[in-house]
Amino acid sequence: LQNSEKHVVPQMPPRLRLQILQPYQWCRVPNMSLKIHALKLSDIRGWSMLAEDAVPMLALNIPEEDRSIDVLELIENEKLLNFHAYTLALYCAVCFQSNYRAAHMLCHHVGQNQLLYAIQSPYMSGPLRMGFYNLLIALHLESFASTMEVTQNEFIVPLSNNLKELYSDPAMGNSMSATETESVRPLMSMSEIQDNIETIKGLSSPEFPLDMVREFVMQALSDAVKSNQVHNRDPIGGSNENLFVPLLKLVDNLLLVGWMQDDDLAKLLIMIDPETWDPDFDKNGKDENRKGLLNMNI
C-alpha cells in the first residue's frame with residue numbers, strides 16, 4: 001500500500017485472505033511399504049491382490065480413547081511413554097525369584113513375535129528399548145542366570161569307600177584326590193508355554209528361540225561398536241547408554257546360561273579390546289584409529 005510506511009503495524013492489501021494450516025494430529029508413516037501385486041482376472045471375477053512380505057508393526061491400544069497407535073509414536077507422548085515403560089518394569093518384577101507361573105501367563109500377553117520385533121527395531125525409543133530387553137531377560141533367562149551365578153563355586157564331593165581307600169596311605173593326607181564329583185549348577189531347560197497351569201512341578205522358563213537372539217545380539221553389538229568408532233550423532237535408543245546397556249546385559253545373561261559359543265566369545269573379546277585379542281590387528285596400518293569398548297568415549 002502507498003500509505004503502509006505511515007502505519008506502525010504493517011497493513012495487508014485489501015480483499016486479501018490468508019489460510020493458515022494448524023497441526024492437529026499426525027500418524028507415523030511405515031519405513032517399509034507393502035509390495036502389492038494386482039492382477040485383473042476378469043470383469044466378473046474382479047481383481048486379485050497379493051502381498052509378498054508382511055510389514056510388521058507393534059500397536060498400543062488406548063481403551064479410554066478407543067484407538068490404537070504405533071508403539072514407535074510413543075516418543076512424541078511422554079506420559080504414555082513413561083506409563084508403558086513402567087508397565088514393562090512391573091512385568092519384570094512379577095517374574096522375580098523364578099515365578100514361572102507368572103512368566104507363562106505373561107507370555108500370552110507379550111508374545112514371542114512382540115519381543116523379537118521390539119528388540120530388533122532400530123527406531124524404538126530408549127525407555128521402551130531398555131524395558132523390552134529387561135522383560136526378555138526376566139521371562140526367559142534370569143532364573144537360570146542368577147542360579148548359575150550363585151552356584152559358580154559350589155560342588156558336592158560324595159564320601160564313599162573308594163575315597164577312603166585313596167587316603168588310607170598317610171602320605172596322601174595333604175593331597176587332593178576324588179573319585180567323582182556332582183555339580184549343583186542347573187542345566188538350562190525350557191518348557192512349552194502353557195495356558196492352564198495346575199501345578200508348578202516340572203515347570204521351567206517359557207521357551208524362546210535363544211539361538212536367534214544370540215545371532216542377533218552379536219551382530220547388533222558388532223554394528224554398535226563399528227558405528228561408535230567416530231562420533232555417533234543419533235545412536236539407537238537416543239543415547240549410547242540405551243544402545244549398549246541392553247545389548248551387554250543380554251550378552252551377560254547368555255554367557256551365564258552357557259548359550260554362547262566359542263566363536264562368539266572370540267568375537268566378543270575382539271570387540272572389547274581388539275589390540276589385545278585380534279591376531280590381525282595392525283596398529284600402524286588400517287587399525288590405527290580402531291577402538292574397542294574399553295577405549296571408546298561413550
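Residues numbered from 1 in each chain as written. Predicted model: local features only at pLDDT ≥ 70, side-chain atom pairs only at ≥ 80, totals over all residues. Heavy atoms only, no water.

Going by the annotation in an unreviewed UniProt entry, the name recorded for the chain is Ryanodine receptor-like, with Hirondellea gigas given as the source organism.

A. Structural context of the pattern of salt bridges. Tallied over the entire structure, the rule returns nine salt bridges. A salt bridge links Glu275 to Lys283; the nearest nitrogen and oxygen atoms lie 3.6 Å apart. For Glu275, a relative accessible area of 43% corresponds to the partly exposed category. For Lys283, a relative accessible area of 52% corresponds to the exposed category. Via salt bridges that share partners, Asp278, Lys286, Asp287 and Arg290 belong to a single interconnected network. (Salt bridge = Lys/Arg side-chain N within 4 Å of Asp/Glu carboxyl O. Buried < 20%, exposed > 50% of the residue type's maximum accessible area, 1.4 Å probe, protein only.)

B. Local environment of the state of the cysteines. If you walk through the whole model with that rule in mind, you get zero disulfides. With no disulfide partner, Cys95 has as its closest neighbouring cysteine sulfur the one in Cys92, 7.0 Å distant. On the basis of relative accessible area, Cys95 is assigned to the buried category, the value being 5%. The thiol of Cys107 is not disulfide-bonded; the next cysteine sulfur, from Cys95, is found 7.7 Å away. (Disulfide = S-S within 2.5 Å.)

C. Main features of the pairing of strand S1 (residues 36–42). Of the strand pairs in this sheet, S1 and strand S2 (residues 46–51) are connected by six bridges, and their pairing is antiparallel. Each bridged residue has a counterpart across the sheet, and for Leu39 the counterpart in S2 is Ser48. Taking the residues that link successive antiparallel strands as the turn, the S1-S2 hairpin has three residues. (Pairing = 2+ DSSP bridges. Helix = DSSP H or I, 4+ residues; strand = E, 2+ residues; numbered from the N terminus.)

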